[in-house]
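# Fold and contact review
The residues making up each chain are set out below.
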Protein chains: 2
Amino acid sequence: MFCGISRRAWRTYSSSALSSSSTTIPPTIKHLLSFPPSVDSLVKTQGHVKAVRSFKNLHFVDLSDGSTHSTLNVVLNGDTNINFKVGQSVSFVGKWVESKGSQDYELLYDSTENEHKAAVIGEVPESYPIQKKSSSYQFLRTLPTLRHRTSSLASVLRLRSFLEGSFQRFFEQNDVIKVSAPLITSSDCEGAGEQFIVEAKDSKPENPFFGKPAYLTVSTQLHLEVLSQSLNRVWALTPCFRAEESHTNRHLSEFWMLEAELSYIESVHQICDFTENMIRYVTQDVVQSIANDLAQSRYNKDERQAMEANWKTILQSEPWPRITYTEAIEIINKIKNKGRSKGRLTWGDSIQTEHEKWLAETHFKSPVFITDYPKAQKPFYMPESENQNSTVACFDLIIPGIGELVGGSVREHNYEKLLQELKNRNMSIEDNEWYLSIRENGTVPHGGFGMGMERLVAFLSGMASIKDVIAFPRTPGSCSC
Amino acid sequence: MFCGISRRAWRTYSSSALSSSSTTIPPTIKHLLSFPPSVDSLVKTQGHVKAVRSFKNLHFVDLSDGSTHSTLNVVLNGDTNINFKVGQSVSFVGKWVESKGSQDYELLYDSTENEHKAAVIGEVPESYPIQKKSSSYQFLRTLPTLRHRTSSLASVLRLRSFLEGSFQRFFEQNDVIKVSAPLITSSDCEGAGEQFIVEAKDSKPENPFFGKPAYLTVSTQLHLEVLSQSLNRVWALTPCFRAEESHTNRHLSEFWMLEAELSYIESVHQICDFTENMIRYVTQDVVQSIANDLAQSRYNKDERQAMEANWKTILQSEPWPRITYTEAIEIINKIKNKGRSKGRLTWGDSIQTEHEKWLAETHFKSPVFITDYPKAQKPFYMPESENQNSTVACFDLIIPGIGELVGGSVREHNYEKLLQELKNRNMSIEDNEWYLSIRENGTVPHGGFGMGMERLVAFLSGMASIKDVIAFPRTPGSCSC
């Protein structure tokens, strides 16, 4: 009655479990290179042709499957009847031998050996656009289903995957529990509008699916605050959405936000400490574990050096500078705007992106925390700064080349003060009843932050546009595949 | 100019980094119990009052912060002027001492010691509904901001967090790269309708934000297939959405789906192997690492035993049975419907949820794979089974008590066959052009699966409703906070 396949008993996984001979799934190229088979053994491998050189009946194929930046070199001796082309998917059975090339090993196919095999799995058209010579990232964006076959963009996706694991380890080590907040919500976290509305395709206006208007979340913060009261420390990595008509290298309509809320926090500097430690931790992890993969995958030396300079900026031995908003305004006026009568900032003005970038890139040459912004510039849930009037206990972390990477604050945990602030801003008490209610039931001081995941990936990979560090970017007018 | 706080130099994190004295964030209760301070040292701790017993001027407070199922026992000797109540948030400074109770250590507060402190951070109203005696999960659903302060639901969120880490490890070990697929999409993966439509709040009908209608994804599969061609093996854990009017314990409008796509797969049994290994791996991990946390957090012995029985069902030494759809129909007719004239199934009928549950719970008493369903019941991208007509190379994994946990298949990788199937089903070639195109450019055989994360969490925690294993469930008519 049962099919005969896979009747083997369960065994505990070793680190190489699936890629080993215990399974019927063929090993990745990463696995073959990391855990090489015995020399002279017969090995089957598959991938895409990355490059090919032919000399009469001798062919050298660089085989890639995207599991690592490394290619497997296949040497084909004798006729294969294959017209090798870059982009083809191919399959080889050959002998695993030591190599004199850049890798320790290579696969040797010999047409006179009966067991050796070479076959094309999938052909490519003559116009296959991903060739060995580099294409601009802008051009590659016109090839959304093919662009991740380039070494460069594949390595960015591997970096992103690695970072998720690194964050997971950092938070686990610090007792921060990963939670999921809803993406469909009836609340508007920032009070800023620019939301997407969600409705069932077939619903009637008088009968909305959720019983009332529902939106895509712009931040999971309010829900994380609820959960931080139950679990002490929580984090989430979730898509967030902004219906802004922005066409920049720094904005997406759908992006991933890493948010954390920590209980028993009373000062904005505790959150700055945590944030700095977190970003240093994952950067250190990247440098230790996948620097080589990233460096080898960059198009050229300039790209590679720019990326490595970014890592050094994060890992500098000095703690990152911290200045208040008020100090930032003074520095910009005194140094950037020195001698100019136009463009001087007045206390209360917004610090523009160009100013933020100047502070980080030119003035401090470092990531920089700007704390204690004017209350009027920030949302209702931020409490007043400890020693200052008219400012709130918050920070933005500014990174060279990127601008704002992280924003965070202490959250007002006093019921009366929060209620008053909602009233002052003419915000709905009813809509925020659930959020207010946690301040009535054993409230605790707490704070947190949100970080744009794509901005961090862009900085650590040295990519100029966040559209190139997310697999399928969503921007105004663009949602085609 | 800089503030004076946290000028310390960066240091590499140890496993107890943030919770140690190197930071200004106070340790969690989990950390205090796992890495106990020196006996007789002065310790500060905070949390919610879980239980309190008083004898004249002697108070015993069980303190919980949700970081672990364990409470910290605080013994208060002398007058504190505090009327302790369950649910209050409190803060204590006292002496760390060895305990004769259930924990190895406890905190001793002595009112005659000047350095010792006891304070209420946040009061609770007299009506605070989360008391020591257990409430029904149904009642707790009416308290969405408070219900995770119960031991039981807090432990389910910790399980969920742990599982994410466990999946991350499993996939890393097997060279499966974590990717993110877009949630806003113009495609309809299953061709099944019942989607949510997304539009900017302020957009005009003649000028849609994305230039055309956009939907919330029902599955990330098609996008993962694109990426698996570039990276060999990929996975994602992402919210997915169904605008179904379902009011069951097994359906949500917004749920988390774990999906994977693996290249160079040719048989459905390779995917079944992978799936079985994955679920066994994470279950083993749960049993080894957090069984105690889960067991201690259950309301009663029955709940605990039911949960532990579910673990044994997964970890049975025998491989899980695999039957074809055709065999399943035969078994149901021969055994379940024996002697009945009504209710007999004919080949081509759907296997209903009640039949699935009967197969897993009663007949096999095991998870069971059902493979090779009739083509007419399944989506366009599934290829025909190897040896059978009119069926496709797919499977559903059925789990006792839950029903379908995982669904997967080989994906048609032949361009002509896929194109023909789209035509046969009168589906839009234009809308699926991008998906088709990967079959024209070095196509590779591949397959994958999708698993409902909430269903797995429900099974491993023994919870009856998936509404209790997601922090803020979204169901028809319900999106209130």
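Just so we're clear, the structure is a prediction, and the values are computed from it rather than from any experiment.

## With respect to the overall build of chain A
Within chain A one finds eleven helices and 17 strands. Principal-axis analysis of the C-alpha atoms places the extent of chain A at approximately 85 × 70 × 45 Å. Evaluated residue by residue, chain A yields a buried proportion of 62% over its 481 residues. Taken as a whole, chain A presents about 18,600 Å² of accessible surface, with 47% of it coming from carbon and sulfur.

## A short note on the sheet that holds strand β14 (residues 368-371) of chain A
Residues and elements named next belong to chain A. Here eight strands make up an open sheet; going across it, the order is β7-β11-β12-β17-β16-β15-β14-β13 and the pairing mixed. Because the sheet does not close on itself, it has two edges, and the strands there are β7 (177-178) and β13 (322-324). Relative to β14, β13 runs parallel, the two being bridged by three bridges. In the sheet register, T324 faces β14, and the bridge partner there is T371. This element, helix α4 (residues 221-231), spans β7, β11 (233-241), β12 (254-263), β16 (403-411) and β17 (446-452) of the sheet and lies at about 30 degrees to β12.

## Brief notes about the packing of helix α3 (residues 151-173) of chain B against helix α5 (residues 268-297) of chain B
Residue and element names in this part refer to chain B. Interaxial distance between α3 and α5 falls to 9 Å at its minimum, and their mutual angle equals 145 degrees. Taken as a pair, α3 and α5 cross one another with a handedness that is right-handed. Classifying every residue of the contact of α3 with α5 by side-chain character gives 13 nonpolar, eight polar and four charged.

## So, the interface of chain B and chain A
Residue-level contacts link 138 residues of chain B with 136 residues of chain A. Across the interface of chain B and chain A, roughly 11,900 Å² is buried in total on both sides, 58% from carbon and sulfur atoms. Put simply, chain B and chain A have six salt bridges between them. A salt bridge links E164(A) to K178(B); the nearest nitrogen and oxygen atoms lie 2.8 Å apart. Counting the contacts that link chain B with chain A gives 44 residue pairs in polar contact (both at pLDDT 80 or more).

## Some details on the pattern of salt bridges
Residue and element names in this part refer to chain B. Overall, the coordinates contain 46 salt bridges over all chains when judged by the stated rule. Here R160 makes a salt bridge to E454, at a shortest N to O gap of 2.9 Å. With R160 in helix α3 and E454 in helix α11 (residues 453-461), the pair connects residues that are 294 residues apart, well separated along the chain. The residues R160 and E454 share a single accessibility class, namely buried.

## Here we look at the side chain of S161(A)
Structurally, S161(A) is set in helix α3 (residues 151-173). In contact with S161(A), other than residues within four places in its own chain, are Q168(B), I177(B) and K178(B).

## Digging into the packing of aromatic side chains
With the rule as written, the count across this model stands at 41 aromatic pairs over all chains. With 5.5 Å between their ring centres and 75 degrees between their planes, F170(B) and F171(B) make a pair best called edge-to-face. For the pair F170(B) and F171(B), a shared accessibility class is recorded, and that class is buried. With a centroid separation of 5.4 Å and an interplanar angle of 70 degrees, the aromatic rings of F170(B) and F274(B) are classed as edge-to-face. Placement of F170(B) in helix α3 and of F274(B) in helix α5 is noted, with a sequence separation of 104 residues between them. Each of the two residues, F170(B) as well as F274(B), counts as buried. The structure contains a cluster of three or more aromatic residues connected by ring pairs, namely F167(A), F170(A), F171(A), W235(A), F274(A), Y281(A) and F449(A).

## Structural notes on helix α11 (residues 453-461) of chain A
All names here are of chain A. With respect to burial, α11 is a largely interior element, nine of its nine residues being buried. Of the residues making up α11, those classed as buried are M453, E454, R455, L456, V457, A458, F459, L460 and S461. With its phi angle positive at about 70 degrees, G462 sits one or two positions after the end of α11.

## Focus: unusual backbone geometry
With a phi angle near 55 degrees, N426(A) is a residue other than glycine that sits in the positive phi range. Its location among the elements puts N426(A) in the loop between α9 (415-424) and α10 (433-437). In this structure N426(A) comes out as exposed when scored by relative accessible area, which is 73%. The backbone of D175(B) sits at a positive phi, close to 60 degrees, despite the residue not being glycine.

## Observations regarding a negative patch on the surface
Residue and element names in this part refer to chain A. A contiguous patch of negative charge on the surface is contributed by E416, E430, D431, E433 and E440. Position of E433 relative to the elements: it lies in helix α10. You can call E433 partly exposed: its relative accessible area is 37%.

## Some points on the sheet that holds strand β8 (residues 184-185) of chain A
Pairing is antiparallel in the open sheet, where six strands are placed in the order β8(A)-β10(A)-β9(A)-β9(B)-β10(B)-β8(B). Bordering the open sheet on either side are β8 of chain A together with β8 (184-185) of chain B, each of which pairs with just one other strand. Bridge analysis of β8(A) against strand β10 (residues 214-216) of chain A gives two bridges, and the strand direction is antiparallel. For T185(A), the partnering residue across the bridge sits in β10(A) and is Y215(A).

## Brief notes about the pairing of strand β17 (residues 446-452) of chain B
Residues and elements named next belong to chain B. Across the seven residues of β17, seven count as buried, placing the element largely inside the fold. Every second residue of β17 is oriented toward a common face, with H446, G448, G450 and G452 on one face and G447, F449 and M451 on the other, all of them buried. The pairing of strand β12 (residues 254-263) with β17 spans seven bridges and is classified as antiparallel. Counterpart to A260 in the pairing with β17 is F449. By the bridge criterion, six bridges tie strand β16 (residues 403-411) to β17 in an arrangement that is antiparallel. Note on β17: the bridge partner recorded for V406 is M451.

## Remarks on the domain arrangement of chain A
All names here are of chain A. Segmenting chain A into domains produces domain 1 (29-128) and domain 2 (147-468). Using only C-alpha atoms to locate each centre, domain 1 and domain 2 end up separated by 45 Å. With eight residues of domain 1 at the interface, the matching set in domain 2 holds eight residues. For the pair domain 1 and domain 2, the summed buried surface comes to about 570 Å²; carbon and sulfur atoms form 43% of the total. Broken down residue by residue, the surface that domain 1 buries against domain 2 is led by K50, H69 and Y128, which jointly contribute 70%. Linking domain 1 with domain 2 are zero salt bridges, by the criterion used here.

## Focus on the relation of the copies chain B and chain A
Between chain B and chain A, the superposition needs a rotation of 180 degrees and an axial shift of 0.0 Å, giving an RMSD of 0.0 Å. With respect to symmetry, the two chain copies, as superposed, fit the operation of a two-fold axis. Scanning chain B for the C-alpha nearest the rotation axis identifies V198(B), at a separation of 2.5 Å. The residues that chain B uses at the interface reappear at the interface of chain A in 99% of cases, marking a shared surface.

## Remarks on the nonpolar core
In terms of nonpolar packing, the biggest core is built from 66 residues, with L163(A), F167(A) and F171(A) touching the most fellow members. Sort the elements by how many residues they give to this core and helix α5 (residues 268-297) of chain A lands first, with 13 residues. Ignoring any residue separated from it by four or fewer positions in sequence, one finds L163(A) in contact with V282(A), V286(A), M453(A), L456(A), V457(A) and L460(A). Listed in part, the 65 residues of the second largest apolar core include I130(B), F162(B), I399(B) and L405(B).

## A closer look at the environment of V176(B)
Residues and elements named next belong to chain B. The topology assignment puts V176 in the loop between α3 and β7 (177-178). C-alpha separation for the pair V176 and L262, spaced 86 residues apart in sequence, amounts to 8.1 Å. In this structure, V176 is in contact with F171, R233, V234, W235, L262 and F274, ignoring residues within four places of it in sequence.

## Focus: the side chain of R322(A)
Residues and elements named next belong to chain A. Looking at the secondary structure, you find R322 in strand β13. Its relative accessible area of 2% is what places R322 among the buried residues. Among the polar contacts listed, one links the side chain of R322 to the side chain of H269, at a separation of 3.0 Å. Within polar-contact distance, the side chain of R322 engages the side chain of D273 at 2.7 Å.

The rules behind each value
Residues numbered from 1 in each chain as written. Chains lettered and ligands numbered in written order. Predicted model: local features only at pLDDT ≥ 70, side-chain atom pairs only at ≥ 80, totals over all residues. Heavy atoms only, no water. Helix = DSSP H or I, 4+ residues; strand = E, 2+ residues; numbered from the N terminus. Buried < 20%, exposed > 50% of the residue type's maximum accessible area, 1.4 Å probe, protein only. Areas by Shrake-Rupley, 256 points an atom, 1.4 Å probe, with all protein chains shown as cover. Pairing = 2+ DSSP bridges. Contact = heavy atoms within 4.5 Å. Axes fitted to C-alpha atoms, helices over the stretch in contact; angles between N-to-C directions. Left-handed = near helix turned anticlockwise from the far one by under 90°. Nonpolar A, V, L, I, M, F, W, Y, C, P; charged D, E, K, R; others polar. Buried area = accessible area lost by both parts, 1.4 Å probe. Salt bridge = Lys/Arg side-chain N within 4 Å of Asp/Glu carboxyl O. Polar contact = N/O pair within 3.5 Å; in protein donor to acceptor, adjacent residues only side chain to side chain. Phe/Tyr/Trp six-rings, centres within 6.5 Å; stacked < 30°, edge-to-face > 60°. Patch = residues over 30% accessible without salt bridge, like charges linked within 9 Å, V, L, I, M, F, W, Y side chains within 5 Å. Lys, Arg positive; Asp, Glu negative; His and termini not counted. Charge placed at Lys NZ, Arg CZ, Asp CG, Glu CD. Domains from an automatic or database assignment. Least-squares fit on C-alpha atoms with pLDDT ≥ 70 in both. Core = buried A, V, L, I, M, F, W, Y, C linked by side-chain atoms within 4.5 Å.

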